[in-house]
Amino acid sequence: MRLWLAPAAWIALLCALAALLPVMTPLFSWVEPGTDNLIYTRDSFYFLLQSHIWLVAVSATIGTLVAVSAGIFVTRPAGSDFLPLVSQIASIGQTVPPVAVLALAVPAMGFGEKPTLFALVLYGLLPILRNTLAGLGGINPAVLEAAKGMGMSSAHVLFKVELPLAGRVILAGIRTSVTINIATAAIGSTIGARTLGDPVIAGLVNGNTAYVLQGAILIGLLALATDSLFEATERAWARAFSI
Amino acid sequence: MWLLDLGVVQPNRIVSGTGYGLYAATGWLGAGVVSSLLVAAVVLATKPIHNRFWMLALLLTTALMAQPLLLEVFALRKLPEDSEYARIGIGAGFWCLAFFLALMLLETLGQLKASRRLQLSAVLLIVAGWWFCATREGLSSLSLIREYANRADQFTQALAIHLSLSLGAVAISLVLAFGLALAMVRRERLRRPLLGLVSFMQTIPSLALFGLLIAPLGALSAAFPFLQTLGIRGIGWAPAMLALIAYSLLPIMRNTYVALMEVPEPVVDAGRGMGMSERQIFVQVKLPLALPVIIEGVRITTIQAIGLTAVAALIGAGGFGTFIFQGLGQAAMDLVLLGALPTVFLALAADAILSALKFQGASR
């Protein structure tokens, strides 16, 4: 139970600030004196937070499903021909900066949520894929032999031995992917997605530091809350399978 | 690939033009050459012919080198001659073809177990081919090249700013991270708080960190006017540099620490037995053994910094990100490409150079 205390605290802080920022005008008038527009009002912070989380969650779900199944496929005998190519794509792809992926999605798909989601899925895939390959490849062959020797079918070995053992590494990959995607989704504001990046971009364009601060604080808190949630999940996973 | 647009004819830089498929764009000759080339590649890849992978590698490299010629043929055939602002854009089909050919080349080089030098020469040949095509008269109507021609000075400036910001940040944080890693090696109890702090900073999204630095730096520069003369303000290079350094610390620091801790004890003992001083052991034994892992940290950091510098254009730091976000603002897609493609290229080049260095460090 104590495991989940830290993420719960971060999430509570995030929700509280999303609700309370609009009434903290005195603080922001100190930051940005001489203007009446102290609080970003085009959308509510809750709406932006929800839309931001939605984008990241959808891309993480699709990315995890695709990357883990691809990783499983190329580590089976049937798909082993593709293993070198897939692992090379995963490592070269990660060299391309996420902003560039985001920017290049626009000529292909136009502005809005769609290109953002596309870029998030595409880029988010790679760390998960790499970690799936590392996790499945890092299992001691003797363990697999022992499992086979016990008469387990290959599906049994996959679900009862390989995935639980590789799970922590795969989870770490998902964590990296989500951390990157929270940051990339924020930049997605520049191509028309509605996320917590909106106040920051609007503030930068209009020279209003108060807007920038409001967006930045919420984005930062979202990232920290998500990260501590993953931290707790990783520990719980390790405890459940006593690794 | 035959159905997607190879190229687009645009009446000016903003209006999206009409697309042409491979056949419509380059006629039966161009379409025939591309199709037979792809068929030949597939035949070579599947039939057991002697030396087929060498032939395939040669074929694919040549094809990639000459690929921009397709656009030249397209411009020659379809560009209206009387219109001053008309230009041709690159279509999805062109990129798909390039991607497909590159993927096949990658796989072929892997099958050949090609040496690093061979891989590098293939890449250099292709880059040279594209460079040659880009500087020819025939492609001067390509919108990407027009955007460049309008901004040649700004482009050079953006390159200089991008490189100095990202490489400067990596250099500074290399010094800092090395010192911090040494401190962690000496004092074990520093490890948790230092690594915790640095990975905490890595978790904060770039846009948020840039945004959070604006207010304090702005206040500082307002309070101390001499900082303004140095160019330190809430926006511009100062917050960008600070954030880049903060992001660069973790990979180098973690890798240096791990590498120094993992030098095998017997090796160090052997050094002591030979009468080396602690300093000699560090410089002549530990550091060379740790070097490849440290360079790997620098590689990760440099790639990351090149990408983040593009984001820093949002807070007015300059660099290729300026073109990206200007282009997005004006819906001028080729301006976006003019910013995004060099950023990708810089990251890939940094990756290649530092991987080669790491490889050399490891083989010594």
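Residues numbered from 1 in each chain as written. Chains lettered and ligands numbered in written order. Predicted model: local features only at pLDDT ≥ 70, side-chain atom pairs only at ≥ 80, totals over all residues.

The line we're drawing: UniProt positions are given in the numbering used here, feature names are shortened, and annotations may be inferred rather than shown by experiment.
Labelled according to an unreviewed UniProt entry, chain A appears under the name ABC transporter permease, originating from Marinobacter aromaticivorans. Here is the UniProt Sequence similarities (unreviewed entry) comment for chain A, exactly as written: "Belongs to the binding-protein-dependent transport system permease family."

Brief notes about the UniProt feature "transmembrane region" (unreviewed entry) in chain A
Going by this rule: Secondary structure is summarised from DSSP: a helix means a run of H or I of at least four residues, a strand means a run of E of at least two, and numbering begins at the N terminus for each.
Taking the numbering used here, the UniProt-annotated feature "transmembrane region" (unreviewed entry) corresponds to residues 53–75, 82–105, 117–144, 165–191 and 211–230 of chain A. Along residues 211–230 of chain A the backbone is 100% helical and 0% strand, and the end-to-end C-alpha distance reaches 29 Å.

A short note on the interface of chain A and chain B
Stated formally: Contact between two residues is assigned whenever their backbone-derived C-beta positions fall within 7 Å. Three residue categories are used. Nonpolar comprises Ala, Val, Leu, Ile, Met, Phe, Trp, Tyr, Cys and Pro, charged comprises Asp, Glu, Lys and Arg, and polar comprises the others, including Gly.
Taken together, the contacts link 35 residues of chain A with 36 residues of chain B. Of all the secondary-structure elements, those providing two or more residues to the side of chain A that touches chain B are α4 (83–93), α5 (98–109), α8 (154–187), α9 (197–206) and α10 (209–240) of chain A. Ranked by residues supplied to the side of chain A that touches chain B, first place goes to α10 of chain A with 10 residues. Counted by class, the side of chain A that touches chain B contains 26 nonpolar, 8 polar and 1 charged residues.

Here's the deal with helix α13 (residues 278–312) of chain B
Selection criterion: Working rule for helices: expected span equals 1.5 Å times residues minus one. By definition, a residue's bend is the angle between the axes fitted to the seven residues ending there and the seven starting there.
Taking 1.5 Å per residue, 35 residues should reach 51 Å; α13 of chain B reaches only 43 Å between its end C-alpha atoms and comes up short. Remark: the principal bend of α13 of chain B, roughly 50°, maps to L291 of chain B, with a proline, P292 of chain B, within the next four residues.

As for the packing of helix α3 (residues 68–78) of chain B against helix α5 (residues 116–134) of chain B
Residues and elements named next belong to chain B. Operational definition: Angles here are taken between N-to-C directions and fall from 0 to 180 degrees, while the axes themselves are lines fitted to C-alpha atoms, restricted in helices to the stretch in contact. Roughly parallel here means an angle under 35 degrees, roughly antiparallel means over 145, roughly perpendicular means 65 to 115, and every remaining angle is called oblique. By definition, any crossing whose near helix is turned counterclockwise from its far helix by less than a right angle is left-handed, and any crossing with a clockwise turn is right-handed.
α5 packs onto α3 with a crossing angle of 20° between their chain directions and a minimal axis gap of 9 Å. One finds that α3 runs roughly parallel with respect to α5. Handedness of the crossing formed by α3 with α5: left-handed. Contacts from P68, L69 and E72 in α3 reach W130, C133 and A134 in α5. Split into classes, the residues belonging to the contact of α3 with α5 amount to 5 nonpolar, no polar and 1 charged.

So, the pairing of strand β3 (residues 87–90) of chain B
All names here are of chain B. Where we set the bar: Exposure is read from a count of other C-beta atoms within 10 Å of each residue's own; the residue is exposed at 12 or fewer, buried at 20 or more and partly exposed in between. C-beta atoms are placed from the backbone. Two strands form a pair only when DSSP identifies at least two bridges running between them.
The alternating pattern of β3 places R87 and G89 and I88 and I90 on opposite faces, both of which are buried. Both strand β1 (residues 7–10) and β3 contribute to a ladder of 4 bridges, which runs antiparallel. Within β3, the position partnered with Q10 by the bridge is R87.

Thoughts on the sheet that holds β1 of chain B
Residue and element names in this part refer to chain B. Taking strand neighbours across the sheet as the criterion, the 3 strands line up as β2-β1-β3 in an open arrangement whose pairing is antiparallel. The two strands at the open ends of the sheet, each matched to only one other strand, are β2 (18–20) and β3. Neighbour-to-neighbour, the strand axes of this sheet turn through a mean angle of 30°, independent of strand direction. Seen against the sheet, α3 touches β1, β2 and β3 and runs at an angle of roughly 145° to β3.

Comments concerning the domain arrangement of chain B
Residue and element names in this part refer to chain B. Short version of the rule: Where each domain begins and ends follows an automated or database-derived domain assignment.
You can read the domains of chain B as domain 1 (7–149) and domain 2 (152–363). For domain 1 versus domain 2, the separation of C-alpha centres amounts to 35 Å. Facing 9 residues of domain 1, the contacting portion of domain 2 comprises 10 residues. At 5 residues, helix α6 (residues 143–150) tops the list of elements feeding residues into the side of domain 1 that touches domain 2.

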